[in-house]
Amino acid sequence: MWGGAFYGPTLFQLFPRFWEEAPIERYIHRHKFSLLTQDSSLSAEFTTKKFGEPPYNGFSVLRAKFDRWFASKAEQAGAIIATGLQAEDLLWDRNAVAGIKAGGDELPASVVIACDGVNSDLTDKAGLRGKLSPRDIKQGVKEVIQIPRQLLEQRFNLSGEEGIAWEFIGSFTRGIPGGAFIYTNKESLSVGIVAQLSALCEKKIGANDLLENFKQHPSVAVLLAGGNLVEYSAHLIPTSGKAMIPTLYSDGFLVAGDAASFVLATGLTLEGANFAIVSGTAAAEAVIRAKQKRDFSKKSLSCYPELLKQSFVLKDLKTFKKASHFLENSRIYSQYPELACDLANKIFTNDGKPRKKIWKLLKNSMKDRVAFSEILRDLIQIKRAL
Amino acid sequence: MSSASIEVKLANNKYDIDKEVHVSIREDICKKCDEHYCLFACPADCFKLTEDHITFSYEGCLECGSCKIVCDKDAIDWTLPRAGFGICYQYG
């Protein structure tokens, strides 16, 4: 599974006008971001006319349908898809990977590209990465909640194929680095939470508890009311970026997608699907070049990281290499949402008393929550990390 | 939320449960463990603490791999179910 939204021109460049044939749910024409406390919310929303025009900026997608279409495109291009086989182990020719073992059979290959996700067994077996740390991983849990199309469109103020991607941070994660999301599909919502795996264990809380916290928030509950849960899923996301990228290639072997930890997590964005598609394309290009040279050695395949450096994949991960450390700051998930909501409350509440200047209200809201020096320190961190 | 709520949620999922167990725990190691991170890491509540020992049932597993990553005692043998078995996401 995945969260359910992907962005950018990646797929458009491979398949022009793909949205006309691919089973996408909606195009994302609005982005919304909300800070939640126990009983309040403060939101910002962005939309622009261009987001509603082809080639669109993003889409909501359910993978069960989408993957089938995507696989059919690969088959049309000559690939053989064998989902009934599991790549259990690697075949070796001395120190070079020479294929895979699957279902008791040996399938020899000039190159194996490991795209087997965050729990990449093949990358481990190739000896290219060590044990993953729960600090570098976020757990995502998601519910797909069916809501009649008309009601969904009324509730989220959508028309036609318009959709919204709505992200949340705040008290529902109880200080654990992470957040929640709601993406609108045609006749359902993808509602989920991501939370740092190590923090869940340290605080002895399950991600499902946080998801229930989130769903019961008064501003969220009204959005989900009357919905019908049809699926509950979970997935891990490697979110420490550049710091956790494994060795990307060896003799006869390449690593792409989540297996290579190609995920961009900046707090405002969490993207992996487009990184998976572009890294998969770069891996294919590296193999084509190697085949032309009839040399599948490590040296020959070393063009793979070079191709990734030319694309946004390694550039973005380098640009935001300090983001994951910054995003461990618990003030982002507790004190700042509380501060913002408390200030908004003071500004908008009319209690019949003489008003105070907003600056004074801010100072009052900051009291016992966060010091000026901490805000200054965090601003410097934002400048460095984001 | 109680584990009952997770059970209700899992009842909506489609599984093709394999007869072969794909995740197993080493009870001798689990007995000596105080942290029991697996209890909080598993989103499907597959791990239960009964009196002083951990039990594990693989049937509701969502195949996320969290248990393997959080167990610092290497007490969990984790693989995916055989091809064609396990969780079959209808939406994803």
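Basis of the calculations
- Residues numbered from 1 in each chain as written.
- Chains lettered and ligands numbered in written order.
- Predicted model: local features only at pLDDT ≥ 70, side-chain atom pairs only at ≥ 80, totals over all residues.
- Helix = DSSP H or I, 4+ residues; strand = E, 2+ residues; numbered from the N terminus.
- Rg over C-alpha atoms; globule rule 2.2 N^0.38 Å.
- Buried ≥ 20, exposed ≤ 12 C-beta atoms within 10 Å, placed from the backbone.
- Contact = placed C-beta atoms within 7 Å.
- Domains from an automatic or database assignment.
- Axes fitted to C-alpha atoms, helices over the stretch in contact; angles between N-to-C directions.
- Parallel < 35°, antiparallel > 145°, perpendicular 65-115°, else oblique.
- Left-handed = near helix turned anticlockwise from the far one by under 90°.
- Nonpolar A, V, L, I, M, F, W, Y, C, P; charged D, E, K, R; others polar.
- Pairing = 2+ DSSP bridges.

Undergrad: Outline the overall build of chain B, listing residues and values.
TA: Tallying secondary structure elements over chain B gives four helices and six strands in all. Order of helices (α) and strands (β) in chain B, N terminus to C terminus: α-β-β-α-α-β-β-α-β-β. Here the C-alpha atoms of chain B give a radius of gyration of 13 Å, agreeing with the 12 Å that 2.2 N^0.38 yields for 92 residues. Considered along the principal axes of its C-alpha atoms, chain B spans approximately 40 × 30 × 20 Å. When the 92 residues of chain B are sorted by exposure, 39% land in the buried category. Long-range pairs, those at least 24 residues apart, make up 66% of the contacts in chain B between residues at least 6 apart in sequence.

Undergrad: Got a sec to walk through the overall build of chain A? Specific residues and values, please.
TA: Within chain A, the secondary structure is distributed over 15 helices and 17 strands. Over its C-alpha trace chain A gives a radius of gyration of 23 Å, about what one expects of a compact globule, namely 21 Å for 386 residues. Counting only C-alpha atoms and orienting by the principal axes, one finds that chain A spans roughly 80 × 50 × 35 Å. Across the 386 residues that make up chain A, the buried fraction comes to 44%. Pairs at least 24 residues apart make up 70% of the contacts formed inside chain A by residues separated by at least 6 positions.

Undergrad: Please give an account of the domain arrangement of chain A that cites residues and values.
TA: As assigned here, chain A comprises domain 1 (82-130 + 246-310) and domain 2 (330-385). For domain 1 of chain A and domain 2 of chain A, the distance between their C-alpha centres works out to 47 Å.

Undergrad: An account of the packing of helix 8 (residues 273-293) of chain A against helix 10 (residues 303-310) of chain A is requested, with residue identities and associated values reported.
TA: All names here are of chain A. Two numbers describe how helix 8 lies on helix 10: the axes approach to 9 Å, and their chain directions differ by 140°. On the basis of their axis angle, the class for helix 8 and helix 10 is oblique. In terms of crossing hand, the pair formed by helix 8 and helix 10 is right-handed. Of the residues in helix 10, those touching helix 8 at Ser279, Ala282, Ala283, Glu285, Ala286 and Arg289 are Cys303, Tyr304, Leu307 and Leu308. The class makeup of the residues in the contact of helix 8 with helix 10 is seven nonpolar, one polar and two charged.

Undergrad: Please provide a residue-by-residue account of the environment of A:Leu248, values included.
TA: Residues and elements named next belong to chain A. By secondary structure assignment, the location of leucine 248 is in the loop between strand 13 (228-238) and strand 14 (249-250). Given 26 C-beta atoms within 10 Å, leucine 248 falls into the buried group. In this structure the C-alpha to C-alpha distance between leucine 248 and glutamate 20, which are 228 residues apart in sequence, comes to 35 Å. Beyond its immediate sequence surroundings of up to four residues, leucine 248 is in contact with Leu254, Val255, Ala260, Tyr304 and Pro305.

Undergrad: If you had to explain the sheet that holds strand 8 (residues 112-114) of chain A to someone new, which residues and values would you point to?
TA: To summarise the sheet geometry, strands pair through backbone hydrogen bonds and adopt either a parallel or an antiparallel arrangement. Residue and element names in this part refer to chain A. One open sheet accounts for three strands, arranged 8-15-14; its pairing is mixed. In this open sheet, the two strands that pair with only one neighbour each are strand 8 and strand 14. By the bridge criterion, three bridges tie strand 8 to strand 15 (residues 253-255) in an arrangement that is parallel. Counted as the bridge partner of valine 112 is phenylalanine 253 from strand 15.

Undergrad: Which residues make up the interface of chain B and chain A, and what are the values?
TA: Where the parts come together, the accessible area they lose is often given as the size of the interface. Taken together, the contact pairs 26 residues of chain B with 35 residues of chain A. Put simply, the parts of the chain that give the side of chain B that touches chain A at least two residues each are helix 1 (3-10), helix 3 (37-41) and helix 4 (66-70) of chain B. In terms of residue count, helix 1 of chain B provides more of the side of chain B that touches chain A than any other element does, four residues in total. Residues belonging to the side of chain B that touches chain A are distributed by class as follows: 16 nonpolar, eight polar and two charged.

Undergrad: Give a detailed account of unusual backbone geometry, specifying residues and quantitative values.
TA: The omega torsion of the bond from A:Pro54 to A:Pro55 falls at 5°, within 30 degrees of zero and hence cis. With a phi angle near 55°, B:Asp45 is a residue other than glycine that sits in the positive phi range. Mapping B:Asp45 onto the fold places it in the loop between helix 3 and strand 3 (47-50). Notably, B:Glu63 is not glycine yet its phi reads approximately 60°, a positive angle. Within the secondary structure layout, B:Glu63 lies in the loop between strand 4 (53-56) and helix 4.

Undergrad: Requested: an account of the pairing of strand 12 (residues 188-196) of chain A, with residues and values cited.
TA: Residues and elements named next belong to chain A. In terms of burial, strand 12 is a largely internal element, nine of the nine residues being buried. By the bridge criterion, nine bridges tie strand 9 (residues 137-146) to strand 12 in an arrangement that is antiparallel. Its bridge partner lying in strand 12, glutamine 139 is registered against alanine 195. In this sheet, strand 12 lies alongside strand 11 (residues 178-184) in antiparallel orientation, the contact comprising seven bridges. When the sheet's bridge partners are listed, alanine 180 is paired in strand 12 with isoleucine 193. Hairpin remark: strand 11 followed by strand 12, antiparallel, with three residues in the connecting loop.

Undergrad: Just give me the short version of the sheet that holds strand 7 (residues 105-108) of chain A, but keep the residues and values in it.
TA: Residues and elements named next belong to chain A. Pairing is antiparallel across the open sheet formed by three strands, whose spatial order is 5-6-7. Here the strands that pair on one side only, and so sit at the sheet edges, are strand 5 (87-93) and strand 7. Going across the sheet, the axis of each strand differs from the next one's by a mean of 35°, ignoring polarity. Relative to strand 6 (residues 96-102), strand 5 runs antiparallel, the two sharing six bridges.

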